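Listed below, chain by chain, are the residues.
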Amino acid sequence: MDPGNFLYRGPAAFYLFGLADAAVLALQAPFHPGGWSGVLAELRENPSLLHLVHRCISALAGVLTVALVFRIVRRDFGATAGLLSALILAVAYLHVRDSHFGTVDVLSGFVSLAAIDQMLLLLRAPRRARYLSSGLLAGASTATKYFGSVLGLHLVLVHFLARGRARENGASMPGHALLALAVLACPLGFFLCSPSVLPSIPELLEHVLFNVDKLKPRVDSASPWNTLVYHARFTLACGLGEPALLLALFGAWPLWRTGRTGRFLLAGSLLLASALVATRLESSRYGIPFLVTLPIPAGILLARLTARLPWPAAVLLGGLVIAPSCARSCAFNRVLKGHDTRIEMLALLRERAQPGEDVLAIGLALDLPVLEKNERLFHLYSSRAGRVELDELRARPPRTILLSLTTPRHEIREWPALEELLAAHYREVRRLEVGDDPVGIFEPDGGTRALRVAYASPWRQTRPGPALVLYELTAPGKTEPGEPLHSRDD
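Along each chain, residues carry numbers from 1 onward, in the same order as the chain's sequence is written. Thresholds applied to this predicted model are a pLDDT of at least 70 for local features of residues and 80 or more for the giving and counting of side-chain atom pairs; totals over whole chains, interfaces and linings are not thresholded and use all residues. Values shown for side chains rest on all heavy atoms present in the structure; no hydrogens or waters enter the calculation.

A. Molecular detail of the overall build of the protein chain. Within the protein chain, the regular secondary structure consists of 20 helices and five strands. C-alpha atoms of the protein chain, sized along the principal axes, occupy 100 × 55 × 55 Å. Only protein chains enter the calculation, and the probe is 1.4 Å; a residue is then buried if its accessible area is under 20% of its type maximum, exposed if over 50%, and partly exposed in between. Here the protein chain, with 490 residues, has 50% of them falling under the buried criterion. Of the contacts made within the protein chain by residues no fewer than 6 positions apart, 77% connect residues no fewer than 24 positions apart. Areas reported as accessible are Shrake-Rupley estimates using a 1.4 Å probe. Residue values count occlusion only from the protein chains shown. Of the roughly 23500 Å² that the protein chain leaves accessible, carbon and sulfur atoms contribute 62%. Residues scored as charged are limited to Lys and Arg (positive) and Asp and Glu (negative), so that His and the chain ends carry no count. For charged residues, the charge sits on one atom: NZ in Lys, CZ in Arg, CG in Asp, CD in Glu. Side chains of the protein chain carry 50 positive and 41 negative charges; the gap between the two charge centres is 14 Å. For helices the rule is a DSSP run of H or I covering at least 4 residues; for strands it is a run of E covering at least 2, with both sets numbered from the N terminus onward. In what follows, residue pairs with any heavy atoms lying within 4.5 Å of each other are defined as contacts.

See the structure below:
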């Protein structure tokens, strides 16, 4: 129950994953020949079952978020607008993609939107129960991911909007004590979702302050602007679909004009957008809680446009809006069905069964095969994990070199000299290509760098993983493996 490193992100989702893991194992253990210990032994060898459980939870959260969008929009803007808003989110590329990863971002988006839904009900009927549930869900959102703490501002905003509506209708305005109740419910919601944090509050503060210090944007540089440009292009345009994003932007003003509900939705969405620039890290998944609110103005505007068109034109317009997201999702799915290059290369290295000191791997760790514990099939050479100097390579050339073509050349020390050495004394044994630009197709990575599947243009990639080449030492008649390629006089 020790939250440990989970305090860096928000521990609630990890507790949920842990409870689901325990439930699945408890159901499996009575039917396993080895009982509980046998189940645990299998998971140590292959934890894919737990990965699948986490992915199912994330996918369920994604589906529930789509249902929430429909519920919110239908309540105030009609069933057609609700269905179109839900459709836009249901196919939104970033949301679909991350709903199939066992990460916390889709869960964070779901809980944040659930809190906003309760606040909209509060705006309609400012009762004590609505204030309490809104505060609890705001706390739960913060426990899922710390970006959810901005929902405290939503509570203040919806309270004053509710007071204004009550004044206009001649009803009694909700007192500020109700707002205090909602604010006090926030930490209660946080600790209910992560109870073991209570004895670890000093560690919680330490982790949060560490994140603030290390990840805060550099306001004295171009970092905030570059981060905004990144999120505009990749989190929003690619993640929601370019036409859907345009609809959301053009639908903002009509939504504002619908009254207090529309204004709260728009202002609340902008407050969630603060997560995009809260850190200097460029990760598309950080924008999911904001992204799930954008189909609301997009769907409402699309409903108004399609209402004025004959049904064939309306269907065509709707198809054009969701086409980019559908194309990216289909291409991404096609790539994922392929065999990862790192797995294929690892199998080849095992088949060759060379000693690890005879195989040199050049590239970043994420661009190379992942070895099992205590497995040593190669040793590393790179700017970040360099253990071999160029002079050593010339003096004692390895029999085999594994090169990642996806690792940018500026990440490899003395690359021109290495390239010359490869061309002069090595021949290709196996080349695993992934596309026409093995470096550029992975920029940006969309927040899942280790996956090595193109984010913005997945149709440019032919299979998952980095591009890899295996070289073998030749230099016949000049040297033997382990002897110098050049004499000292050279």
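Now that the structure has been shown, the text picks up again.
B. Focus on the sheet that holds strand S4 (residues 426–432). Only when DSSP finds a minimum of two bridges between them are two strands counted as paired. Taken together, the five strands give an open sheet; going across it, the order is S2-S1-S3-S5-S4, and neighbouring strands pair in mixed fashion. Looking at the sheet topology across the chains shown, the edges are occupied by strand S2 (379–381) and S4. Sheet twist, expressed as the average angle between the axes of neighbouring strands with direction ignored, equals 25 degrees. In the sheet, strand S1 (residues 359–362) pairs with strand S3 (residues 400–404) via four bridges, with the strands oriented parallel. If you follow Val 359 over to S3, its bridge partner there is Thr 400. Simply put, an axis is a line fit to the C-alpha atoms, just over the touching stretch for a helix, and the angle between two N-to-C directions goes from 0 to 180 degrees.

C. Structural context of helix H17 (residues 311–336). With 26 residues, H17 extends 36 Å from end C-alpha to end C-alpha; this agrees with the ideal 38 Å at 1.5 Å per step. Note that bend, as reported per residue, equals the angle between axes fitted to the 7 residues terminating at that residue and the 7 residues originating from it. Where H17 bends most, the angle comes to about 45 degrees, and this point is Ile 322, followed within four residues by the proline Pro 324. Among all positions in H17, only Ala 314, Gly 318, Val 321, Ile 322, Ser 325, Arg 328, Ser 329, Ala 331, Phe 332 and Val 335 are buried. A helix's residues, less one, multiplied by 1.5 Å, set its expected span.

D. Quick peek at the pattern of salt bridges. Note on definitions: salt bridges are taken to be side-chain nitrogens of Lys or Arg within 4 Å of carboxyl oxygens of Asp or Glu. A full pass over the atoms with the stated rule returns 20 salt bridges. When the shortest N-O distance is used, the salt bridge between Asp 117 and Arg 71 registers 2.8 Å. Of this pair, Asp 117 sits in helix H6 (residues 105–124) while Arg 71 sits in helix H3 (residues 48–77), and the two are 46 residues apart along the sequence. Owing to a relative accessible area of 3%, Asp 117 belongs among the buried residues under this scheme. A salt bridge links Asp 105 to Arg 285; the nearest nitrogen and oxygen atoms lie 3.1 Å apart.

E. Structural detail: unusual backbone geometry. For Ala 353, which is not glycine, the phi dihedral falls at a positive 55 degrees. With respect to the helices and strands, the residue Ala 353 is situated in the loop between helix H18 (341–352) and S1. One non-glycine residue, Glu 414, adopts positive backbone phi at about 55 degrees.

F. A look at the environment of Tyr 146. When you line up the elements, Tyr 146 lands in the loop between helix H7 (128–144) and helix H8 (151–169). Sequence separation between Tyr 146 and Ser 108 is 38 residues, and the spatial gap between their C-alpha atoms is 9.2 Å.

G. Focus on the side chain of Ser 58. Its place among the elements puts Ser 58 in helix H3. For this analysis, a polar contact is any N or O atom pair within 3.5 Å, provided that within protein one partner can donate a hydrogen and the other can accept it, and provided that sequence-adjacent residues contribute only side-chain to side-chain pairs. Here Phe 101 takes part through its backbone oxygen, which lies 2.9 Å from a polar atom of the side chain of Ser 58. Excluding residues that lie within four positions of it along the chain, Ser 58 makes contacts with Asp 98, Ser 99, Phe 101, Gly 102, Thr 103 and Val 106.

H. View of the environment of Gly 18. Relative to the assigned elements, Gly 18 resides in helix H1 (residues 12–28). Judged by relative accessible area, Gly 18 falls into the partly exposed class, the value being 33%. Remark: the alpha-carbon pair of Gly 18 and Leu 50, spanning 32 residues in sequence, is separated by 9.3 Å.

I. Main features of the packing of helix H12 (residues 242–250) against H17. Closest axis-to-axis distance for the H12/H17 pair is 6 Å, and the angle between their directions is 135 degrees. Considering their axes alone, H12 and H17 lie oblique with respect to each other. Packed against H12, whose contacting residues are Glu 242, Pro 243, Ala 244 and Leu 247, the element H17 presents Leu 320, Val 321, Pro 324 and Arg 328 at the interface. Angular relationships are summarised with four words: roughly parallel below 35 degrees, roughly antiparallel beyond 145, roughly perpendicular across 65 to 115, and oblique for the angles in between.

J. Region of the structure containing the packing of aromatic side chains. Stacked, tilted and edge-to-face are the three classes assigned to paired rings of Phe, Tyr and Trp, where Trp is represented by its six-membered ring and a pair needs centres within 6.5 Å; plane angles under 30 degrees give stacked, over 60 edge-to-face, the rest tilted. Tallied over the entire structure, the rule returns seven aromatic pairs. Ring centres 6.3 Å apart and planes at 85 degrees place the aromatic pair Phe 14 and Phe 17 in the edge-to-face group. Taken together, the residues span about one helical turn, with Phe 14 and Phe 17 both in helix H1 at a distance of three residues. Residue class for Phe 17 comes out buried when judged on its relative accessible area of 4%. Aromatic side chains Tyr 230 and Phe 234 sit 5.3 Å apart centroid to centroid with 50 degrees between the ring planes, which places their arrangement in the tilted category. Remark: Phe 234 and Tyr 230 occur in helix H11 (residues 223–240); sequence separation between them is four residues, near one turn of the helix.

K. Region of the structure containing the pairing of strand S5 (residues 468–473). Within S5, five of the six residues are buried, which leaves it mostly tucked inside the rest of the structure. Bridge count for S3 against S5 is five bridges, and the pairing is antiparallel. Opposite Thr 400, over in S5, you have Glu 472 as the bridge partner. With six bridges joining them, S4 and S5 adopt antiparallel strand pairing. Across the sheet, residue Glu 428 finds its bridge partner in S5, namely Tyr 471.

L. Focus on helix H9 (residues 176–193). Relative to the 26 Å expected for 18 residues at 1.5 Å per residue, H9 spans 26 Å between its end C-alpha atoms, a close match to the ideal helical length. Restricting attention to buried positions, one finds in H9 the residues Leu 178, Leu 179, Ala 182, Ala 185, Cys 186, Gly 189 and Phe 190.

M. Expanded view of the packing of H6 against H7. With their axes 9 Å apart at the nearest point, H6 and H7 run at an angle of 165 degrees to one another. With respect to their mutual orientation, H6 and H7 come out roughly antiparallel. Handedness of the crossing formed by H6 with H7: left-handed. On H7, the residues that touch Leu 107, Ser 108, Val 111, Ser 112, Ala 114, Ala 115, Gln 118, Met 119, Leu 121 and Leu 122 of H6 are Arg 130, Tyr 131, Ser 133, Ser 134, Leu 137, Ala 138, Ala 140, Ser 141 and Thr 144. Taken together, the residues of the contact of H6 with H7 sort by class into eleven nonpolar, seven polar and one charged. If you view the pair so one helix is near and one far, a crossing is left-handed when the near helix is turned anticlockwise from the far one by less than a right angle, and right-handed when it is turned clockwise. Lys, Arg, Asp and Glu make up the charged group, whereas Ala, Val, Leu, Ile, Met, Phe, Trp, Tyr, Cys and Pro make up the nonpolar group; the residues left over, Gly among them, are polar.

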